[in-house]
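Descriptive analysis of the structure
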Amino acid sequence: MTDPVLALHDLRLAFKGFTGTTEVLHGLSLSIDRGERVALVGESGSGKSVTARIVLGLIQEMRGAKVSGRLRFQGQDLDRLPKRARHGLRGTAMSMIFQDPTSSLNPAYRIGTQFREVLARGTPGITAEAATARATALLDEVAIPQPDRVLAAYPFQLSGGMNQRVMIAMALANEPALLIADEPGTALDVTVQAQTLRLMRRVVEQHGTAVLFISHNLGVVREFADRTYVIYRGRIVEHGPTEAVFHTPGHPYTRALMAAQPRITGGGVPEIAERDAQYGDPMVVHPTGAAAGAGA
Amino acid sequence: MTAPLLALQNLSKTFRSHGHAVHAVQDVSIDVAAGECLAIVGESGSGKSTLANMVLGILAPSAGEIRYDGQALPARRTLAHRRALQLVQQNPLSALNPKRSIGASLRLAFDVHRIGDRAGRTARVGALLEDVGLPADFAQRPPAALSGGQRQRVAIARALACDSRLLVLDEPTSALDVLVQSRILRLLADLRAEHGLTYLFISHDLAVVRNIADRVAVFEKGRMVELAPTDRLFTAPEHPYTRRLISAVPVITEDEITMRDQLAHGAA
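The numbers attached to residues start from 1 for each chain and follow its sequence in the written order. Whichever chain is written first becomes A and whichever ligand is written first becomes 1, with later ones labelled in order. Totals for whole chains, interfaces and linings use all residues, but because this is a predicted model, local features are given only for residues with pLDDT of at least 70 and pairs of side-chain atoms are given and counted only at 80 or more. Neither water nor hydrogens contribute to the side-chain values; these are computed over all heavy atoms in the structure.

Regarding its fold elements, chain B presents 11 helices and 10 strands. Relative to the globule expectation of 18 Å for 268 residues, the C-alpha radius of gyration of chain B, 19 Å, shows essentially globular dimensions. For chain B, the spread of C-alpha atoms along the principal axes amounts to about 65 × 45 × 45 Å. Only protein chains enter the accessibility calculation, which uses a 1.4 Å probe; a residue is then buried when its area is under 20% of its type maximum, exposed when over 50%, and partly exposed in between. Buried positions account for 50% of the 268 residues belonging to chain B. We call two residues contacting when some pair of their heavy atoms lies within 4.5 Å. Relative to all contacts within chain B whose residues are 6 or more apart in sequence, the contacts with residues 24 or more apart total 63%. Of the roughly 12,000 Å² of accessible surface on chain B, 48% is carried by carbon and sulfur atoms. For the purpose of counting charges, residues Lys and Arg are taken to be positive, whereas Asp and Glu are taken to be negative. His and the chain ends are not included. For charged residues, the charge sits on one atom: NZ in Lys, CZ in Arg, CG in Asp, CD in Glu. Each charge class in chain B was averaged separately, 31 positive and 27 negative side chains, and the resulting centres sit 10 Å apart. By definition, any uninterrupted DSSP run of H or I lasting at least four residues is a helix, any uninterrupted run of E lasting at least two residues is a strand, and each is numbered from the N terminus. Each radius of gyration reported is based on C-alpha atoms, and the globular scaling rule is 2.2 Å times the count of residues to the power 0.38. Per-residue and other accessible areas follow the Shrake-Rupley method at a 1.4 Å probe size, with only the shown protein chains counted as cover for residues.

In this section: the sheet that holds strand β1 (residues 6-17) of chain A. All names here are of chain A. A pair of strands counts as paired when DSSP detects no fewer than two bridges linking them. As summarised here, the arrangement of the 4 strands in space is β2-β1-β4-β5, forming an open sheet in which the pairing is antiparallel. The open sheet is flanked by β2 (20-32) and β5 (76-77), the only strands paired with a single partner. The pairing of β1 with β2 spans 10 bridges and is antiparallel. Each bridged residue has a counterpart across the sheet, and for G17 the counterpart in β2 is G20. Lying over the sheet, helix α1 (residues 48-56) contacts β1, β2 and β4 (65-73), oriented at roughly 110 degrees with respect to β1. Lines fitted to C-alpha atoms define the axes here, with helix axes fitted over just the stretch in contact, and angles between the N-to-C directions of these axes take values from 0 to 180 degrees.

All names here are of chain B. The span one expects for a helix is its residue count, reduced by one, times 1.5 Å. The end-to-end C-alpha distance of helix α6 (residues 148-160), which contains 13 residues, comes to 19 Å, matching closely the 18 Å that a straight helix rising 1.5 Å per residue would cover. Counting buried positions over the 13 residues of α6 gives 10, a clear majority of the element. Those residues of α6 lying buried are G149, R151, Q152, R153, V154, A155, I156, A157, A159 and L160. For α6, the elements touching its buried residues are β6 (85-88), α3 (92-95), α4 (102-112), α5 (118-131), β7 (166-170) and α7 (178-195).

Each reported salt bridge corresponds to a side-chain nitrogen of Lys or Arg within 4 Å of a carboxyl oxygen of Asp or Glu. The full count for this structure, using the stated rule, is 22 salt bridges over all chains. Notably, a salt bridge pairs A:E223 with B:R260, separated by 2.9 Å at the nearest N-O pair. Here A:E223 is found in helix α9 (residues 218-224), whereas its partner B:R260 is found in helix α11 (residues 254-267) on a different chain. Taking the relative accessible area as the measure of exposure, A:E223 reaches 32% and is therefore partly exposed. Relative accessible area serves as the criterion here: at 12%, B:R260 is assigned to the buried category. Counted as one network, the salt bridges with shared partners bring together A:R37, A:R201, A:E205 and A:D226.

Now for the confidence of the model for chain A. The predictor attaches a confidence to each residue, and that confidence, scored 0 to 100, is pLDDT. Residues at a pLDDT of 70 or more form 97% of chain A, whose mean pLDDT is 91. Low pLDDT, under 50, characterises residues 290-296 of chain A; the predicted model gives this stretch 1 contact beyond four residues in sequence or across chains.

The next thing to look at is the pairing of strand β3 (residues 37-41) of chain A. All names here are of chain A. Taking burial as the measure, the 5 residues of β3 include 5 buried ones, the bulk of the element. Residues R37, A39 and V41 line one face of β3 and the alternating positions V38 and L40 line the opposite face, and both faces are buried. When β3 meets strand β8 (residues 210-215), the two strands line up parallel, connected through 5 bridges. Looking at the pairing, A39 lines up with F213 of β8.

Right, let's get into a nonpolar patch on the surface. Residues B:L79, B:L108 and B:V112 make up a contiguous nonpolar surface patch of about 210 Å² in total accessible area. If you trace the backbone, B:L108 turns up in helix α4. Exposure above 30% relative accessible area and the absence of a salt bridge qualify a residue for a patch, where like charges join within 9 Å and nonpolar side chains (Val, Leu, Ile, Met, Phe, Trp, Tyr) within 5 Å.

So, on to the environment of B:T50. All names here are of chain B. Along the polypeptide, T50 turns up in helix α1 (residues 48-56). Put simply, T50 and G116 are 66 residues apart on the chain and 34 Å apart in space, counted from C-alpha to C-alpha. Apart from the residues lying within four places of it in its own chain, the contact partners of T50 are K13, F15, A24, V25 and L59.

A few words now on the packing of aromatic side chains. Stacked, edge-to-face and tilted are the three classes for Phe, Tyr and Trp ring pairs, Trp counted by its six-membered ring, which pair at centre distances within 6.5 Å; planes under 30 degrees apart are stacked, over 60 edge-to-face, the rest tilted. In this structure the tally under the stated criterion is 5 aromatic pairs over all chains. Considering the side-chain rings of A:Y154 and A:F156, the 5.8 Å spacing of their centres and the 10 degrees angle between planes classify their relative orientation as stacked. The exposure class of A:Y154 is partly exposed, given its relative accessible area of 24%. When its relative accessible area of 60% is taken as the criterion, A:F156 is described as exposed. Centre to centre, the rings of A:Y253 and A:Y279 are 5.3 Å apart; their planes meet at 70 degrees, and the pair counts as edge-to-face. Of the two residues, A:Y253 is situated in helix α11 (residues 252-260) and A:Y279 in the loop between α11 and β11 (284-285); the sequence distance between them amounts to 26 residues. You'll find A:Y253 and A:Y279 in the same group, each marked buried. Cluster of aromatic residues (ring-pair linked, three or more members): A:Y232, A:Y253 and A:Y279. Here, a charge over a ring is recorded when the distance from Lys NZ or Arg CZ to the ring centre is within 6 Å and its angle to the ring normal is within 35 degrees. The ring of A:F224 carries A:R37 above its face, with NZ or CZ at 5.8 Å from the centroid. The cationic tip of B:R124 hangs over the ring face of B:F110; the distance from NZ or CZ to the ring centre is 5.7 Å.

A few words on the sheet that holds β6(B). All names here are of chain B. The strand order across the open sheet formed by 6 strands is β6-β7-β8-β3-β9-β10, and the pairing between neighbours is mixed. Sheet topology places β6 and β10 (223-229) at the edges, where each strand pairs with a single neighbour. Taking the axes of each pair of neighbouring strands and ignoring which way they run, one obtains an average angle of 20 degrees across the sheet. Here β7 pairs with strand β8 (residues 198-203) via 5 bridges, running parallel.

Below, the structure written as structure tokens:
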């Protein structure tokens with residue numbers, strides 16, 4: 001069997017502050033295979049976004065952050081890589097999309113200029129003509145009409161949905177093996193969000209890109225991910241194929257999350273406890289793939 | 001039928017910028033009964049916040065009238081009107097003064113509206129906090145020491161401070177986690193029943209609206225495209241835009257998927 005694209009093993013994170021050390025992640029393990037879409041779902045403060053930033057290597061550069069555990073990316077140990085090689089992976093082999101597309105683009109430069117910068121990371125010395133041609137093709141893929149008009153525009157001249165598509169195109173420009181999407185579309189309207197997710201799903205499928213999809217929105221996760229990890233206060237409490245996790249949630253915390261989600265079929269608002277001793281129960285694992293077929 | 005508590009009559013708001021006009025709200029008429037929870041749903045730019053600001057007297061309508069309790073509301077609101085119509089904002093952290101203790105923020109409402117004497121006001125602050133499910137000694141804390149859900153409870157307490165009758169709730173739970181959201185929605189439902197409050201519930205989240213509103217008004221680009229009792233809006237939506245909105249909601253159960261698919265096919 002080939003190496004997974006990303007494998008985190010017993011990941012721990014603590015921040016040192018004036019009042020002592022705060023532990024944020026308590027031994028988190030997770031893996032993503034080639035072309036697989038994996039969701040990490042949890043509430044604010046659960047540790048989902050810091051996990052993404054550890055994979056990119058951004059947290060490790062912060063003072064006072066203590067990271068331990070194993071991080072493997074395409075078979076190589078990320079912690080053993082020299083700083084320059086590590087830096088070289090970002091924007092090429094792994095890339096990221098953030099929640100608010102308009103604020104992740106530079107307001108002072110045209111889309112075309114920013115696109116060329118991204119392409120130059122993967123292909124140093126790319127000519128202006130080649131960059132424009134490649135950018136046009138990529139924007140076309142994310143269903144942007146009149147790509148040349150968009151390339152000449154500044155981010156504030158485009159709608160949020162358009163900027164999000166530009167971000168997706170940029171993130172995939174250098175054919176990364178791993179795409180990290182942190183709450184993509186949360187800042188967008190529901191109809192635009194639905195379109196954007198469908199589009200992102202289609203494009204990553206075509207490119208065979210593995211995705212780590214970070215979200216607090218259960219509905220969005222159910223529609224996007226092949227496998228789901230549920231995170232609660234720095235620990236994975238449940239994981240398995242998305243179908244199984246949503247159909248037969250086993251952990252008390254996962255069940256609470258699902259019960260608290262208002263339904264469009266109605267039924268009122270149940271009152272669910274924010275904290276419960278049961279939320280600390282051991283992890284529930286649903287069998288995956290062939291094992292699932294045999295087990296069922 | 002008794003007279004509505006709030007009546008919007010042919011309400012319009014037009015903004016002018018750089019020589020062209022933006023019709024933010026166009027010819028909207030809605031009657032809101034006392035004790036009702038009316039939801040206003042729509043995407044960004046639909047005019048729902050402009051409508052809320054006109055109801056609160058923050059923006060003056062370009063045309064039309066707002067009647068409250070049978071009388072036309074003047075452009076400059078009286079203290080009594082400001083007391084009766086209150087706002088709960090989306091982000092409780094920016095709605096509360098960070099330098100002021102929770103107690104001081106709540107007291108200010110009593111000071112402005114000259115309710116009770118000095119000792120009485122302190123006691124009222126404690127009672128108010130308990131009303132929204134917080135311990136009375138939270139009065140001493142600064143907003144930064146509270147969680148998002150607790151802060152939203154404080155914002156609700158402040159809106160209730162001077163016996164208001166109508167709350168404009170502008171996306172009151174969209175900045176909160178789902179478990180916290182469930183408890184705030186529960187609190188809002190309980191307070192409405194207890195105090196006989198009327199809600200104008202502004203939201204982009206149709207799943208939340210489905211479970212809290214009596215009626216729903218759907219807005220698209222400044223126009224009200226559909227107004228119906230909640231059950232009917234979700235089981236038999238008439239406007240194509242309403243159907244599109246409902247079928248874009250990310251859902252988690254089989255029943256919801258079935259319902260959504262039926263709506264999508266109905267639209268086609």
